[in-house]
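# Per-entry structural report
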Amino acid sequence: MNKLHIILALLVWLSLKSEAQSDYHFQFLSRWDDNLLPIADPDNLKLQYSGCWGIAVNGHEYAVIGGAEHVLFFDITNPTTPLLRGKFQGTANTIWREFKSYKNRIYAVSDGTTEGLMIFDMSHAEDTIVRSYWSNALFNKAHTITLDTTSGRIYLNGGDATEGIIVLDVSQNPDQPTFITHASFQGGGLHDSYVRNDTIYASSGWEGYYIYDMKNPFAPNLLAHINTGGYNHNSWLNAEGTYGYYTEEIPEGRPVQIVDLQLLSMGEIEIAGGFLDKFSIEVNNHSAIPHNVYIKDHILFNSQYEDGLLAYDISNPLQPVLMSRYDTHAQNPVYNGYFGNWGNYPWLPSGNIIASDMQNGLYVLGFKATVPTTEPTEELKVQVQPNPVQDQLTLRVPAQDSEAWQWFLTNPSGQLLQRGSLNEAVETTVSLPQIPAGLYFLQIQSASGKQVVKKVVKE
């Protein structure tokens, strides 16, 4: 086994060890990818997809994802079979599309084009999805969109919203936005923002993290700010509003930071902690990149590019616990830069999760509680040889431990590749000729509940 394989195996084993403490796990339900779609920026990052969002209407669940030239809608009520329900052409290729929802509508913006705002009426989505509005009369482009579902205000970040934020109103008519103002901010332009109770939590790029009272959008009131050191990219608040969690996309390897907001009314906020779990090999100055975080109840969902989607229990806000991970971009055993999981949407009534991968398309994932065991699990003694392996593995247990047992072979993202079972056998073989070279995990479990997980390297 070479050094790369050893390090990779150790990192993934550590991730599995931490995830095994969780009562929840991600379950792959489906993926959709159309290789015939145009690719934005084909000479650079080969980006085909960007942001995603979700909405539940009339007993159906829908996913929306940004393609290079299209906005794509799927009925995912049956999560194992996504049905393409709408494909809407934009004006040009772009590697940035973002979405939010309000009153059975999806609001879409893009950067790098002059598409302005698209509004999609989902009220009768089972039969038809209507693009009820498409205009750049109010603005040409925005990097991200924030929507306050309480006030019906749209906040546009980046793009044309230089030195502040553009504010629109859709409270009177969700299909006809009206312009309110282009407000100036002390922190300058925003990359993204989060809104709650007319308060904007602004990720202002290199300027840091700013918080404004926006009750009067014509006179934003700066409540607090901190310089964060990196490029402040995105943030979300916990349910209680006592802590914020933000990502910094640049430089690579920056942790998700935790901001204490409990003294915000006094104008005081401070960084109270941070966390970062890595799962691939760092090479050529490339490292893990937390991109977009969203919070449902006390679970934080972190889209971490090449590491995929990570779920953390933040019941203790300062001590997040990794619950589970699903790698949407398992083809990268080392960090290469901007590839992988862009965003996620965790609020569907079913509990299923939407995730977008820039190269691999739409993922629908279950997020379910595991069945707890009544007694501590005892490790099964088993030999796995040879390892590394080329074509065939031999599994052998001591004769005194002979009983019915079964085995499962998975890749690092948790996808089941092979399985088998035996009745009181001490030895069996596993053929691997069709499996490509790489790292795999072999879980072996006996009828009495003993189990073990072995790392296997295919040469």
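This one's a predicted model, so the numbers in the text were calculated from it and none came from an experiment. (Residues numbered from 1 in each chain as written. Predicted model: local features only at pLDDT ≥ 70, side-chain atom pairs only at ≥ 80, totals over all residues. Heavy atoms only, no water.)

Looking only at helices and strands, the chain has one helix and 35 strands in total. A buried classification covers 55% of the 459 residues belonging to the chain. A separation of at least 24 residues holds for 52% of the contacts in the chain among residues at least 6 apart in sequence. Taken as a whole, the chain presents about 19300 Å² of accessible surface, with 47% of it coming from carbon and sulfur. (Helix = DSSP H or I, 4+ residues; strand = E, 2+ residues; numbered from the N terminus. Buried < 20%, exposed > 50% of the residue type's maximum accessible area, 1.4 Å probe, protein only. Contact = heavy atoms within 4.5 Å. Areas by Shrake-Rupley, 256 points an atom, 1.4 Å probe, with all protein chains shown as cover.)

So, about the nonpolar core. Within the largest apolar cluster, 57 residues are counted, with the highest numbers of intra-cluster contacts made by Phe-73, Ile-106, Phe-120, Met-122, Tyr-209, Tyr-245 and Ile-269. Ignoring sequence-local partners within four residues, the contact set of Ile-269 consists of Tyr-209, Ile-211, Ala-224, His-225, Ile-226, Val-259, Asp-260, Leu-261 and Leu-264. Core analysis: the next-biggest nonpolar cluster, separate from the first, contains 17 residues, Trp-405, Trp-407, Ile-444 and Val-452 among them. (Core = buried A, V, L, I, M, F, W, Y, C linked by side-chain atoms within 4.5 Å.)

Here the residue pair Ile-250 and Pro-251 is connected by a cis peptide bond, since its omega of -5° sits within 30 degrees of zero. Residue Pro-386 is bonded to the preceding Gln-385 through a cis peptide linkage, with omega at -10°. Residue placement: Pro-386 occurs in the loop between β29 (383-385) and β30 (392-396). Its identity as a non-glycine residue notwithstanding, Asn-285 has a phi of 65°, on the positive side. The phi dihedral of Tyr-305 is positive, around 45°, even though this residue is not glycine. Residue position: Tyr-305 is located in the loop between β23 (299-303) and β24 (309-313).

Along the polypeptide, Asn-157 turns up in strand β11 (residues 153-158). Looking at Asn-157, its side chain comes within polar contact range of the side chain of Thr-144, at 3.0 Å. At 3.0 Å, the side chain of Asn-157 forms a polar contact with the side chain of Ser-193. Residues contacting Asn-157, with those up to four places away along its chain left out, are Ala-142, His-143, Thr-144, Ile-145, Thr-146, Ile-165, Leu-190, His-191, Asp-192 and Ser-193. (Polar contact = N/O pair within 3.5 Å; in protein donor to acceptor, adjacent residues only side chain to side chain.)

Another point: the packing of aromatic side chains. Under the counting rule described, the total for this entry stands at 26 aromatic pairs. Pairing Phe-28 with Tyr-363 gives two aromatic rings, centres 6.3 Å apart and planes at 75°, and the pair type is edge-to-face. Of the two residues, Phe-28 sits in strand β1 (residues 24-32) while Tyr-363 sits in strand β28 (residues 361-369), which places them 335 residues apart along the sequence. The exposure class of Phe-28 is partly exposed, given its relative accessible area of 39%. Assessed through its relative accessible area of 7%, Tyr-363 is described here as buried. Ring pairing ties together the aromatic residues Trp-53, Tyr-194, Tyr-201, Trp-236, Tyr-294, Tyr-345 and Trp-347, which thus form one cluster. Here Lys-100 stacks its cationic end above the ring of Trp-53, 4.7 Å away from the centre of that ring. Lying across the ring of Phe-279, Arg-325 places its NZ or CZ 4.0 Å from the centre. (Phe/Tyr/Trp six-rings, centres within 6.5 Å; stacked < 30°, edge-to-face > 60°. Lys NZ or Arg CZ within 6 Å of the ring centre and 35° of its normal.)

With respect to the element layout, Asp-277 can be found in the loop between β21 (270-275) and β22 (292-296). Spatially, the C-alpha atom of Asp-277 lies 10.0 Å from that of Ile-289, the residues being 12 residues apart in sequence. Among residues more than four places away in sequence, those in contact with Asp-277 are Gln-304, Asp-307, Leu-310, Tyr-312 and Leu-322. For Asp-277, the side chain forms a polar contact with the side chain of Tyr-312, separated by 2.6 Å.

Quick look at the pairing of strand β18 (residues 232-237) now. A large share of β18 lies buried, amounting to six of its six residues. Relative to strand β19 (residues 243-248), β18 runs antiparallel, the two being bridged by five bridges. Directly across from Ser-235, in β19, lies its bridge partner Tyr-246. What sits between β18 and β19 in their antiparallel hairpin is a turn of five residues, with Gly-241 showing a positive phi close to 75°. (Pairing = 2+ DSSP bridges.)

Next up on the list: the pattern of salt bridges. Evaluation of the coordinates by the stated rule reveals nine salt bridges. Residues Asp-33 and Arg-31 are paired through a salt bridge, measuring 3.6 Å at the closest nitrogen-oxygen approach. Given a relative accessible area of 40%, Arg-31 falls into the partly exposed group. Notably, a salt bridge pairs Glu-248 with Arg-254, separated by 3.1 Å at the nearest N-O pair. Among the residues examined, Arg-254 registers a relative accessible area of 22% and is labelled partly exposed. Counted as one network, the salt bridges with shared partners bring together Arg-105, Asp-121 and Asp-175. (Salt bridge = Lys/Arg side-chain N within 4 Å of Asp/Glu carboxyl O.)

This part takes up the environment of Trp-342. Considering the arrangement of structural elements, one finds Trp-342 in strand β26 (residues 341-345). Here Trp-342 falls in the buried class, since its relative accessible area comes to 5%. For the pair Trp-342 and Glu-306, spaced 36 residues apart in sequence, the C-alpha to C-alpha distance is 9.2 Å. Apart from residues lying up to four places away in sequence, Trp-342 is in contact with Tyr-49, Ser-50, Gly-51, Ile-95, Trp-96, Glu-98, His-291, Asn-292, Ser-303, Ser-356 and Met-358.

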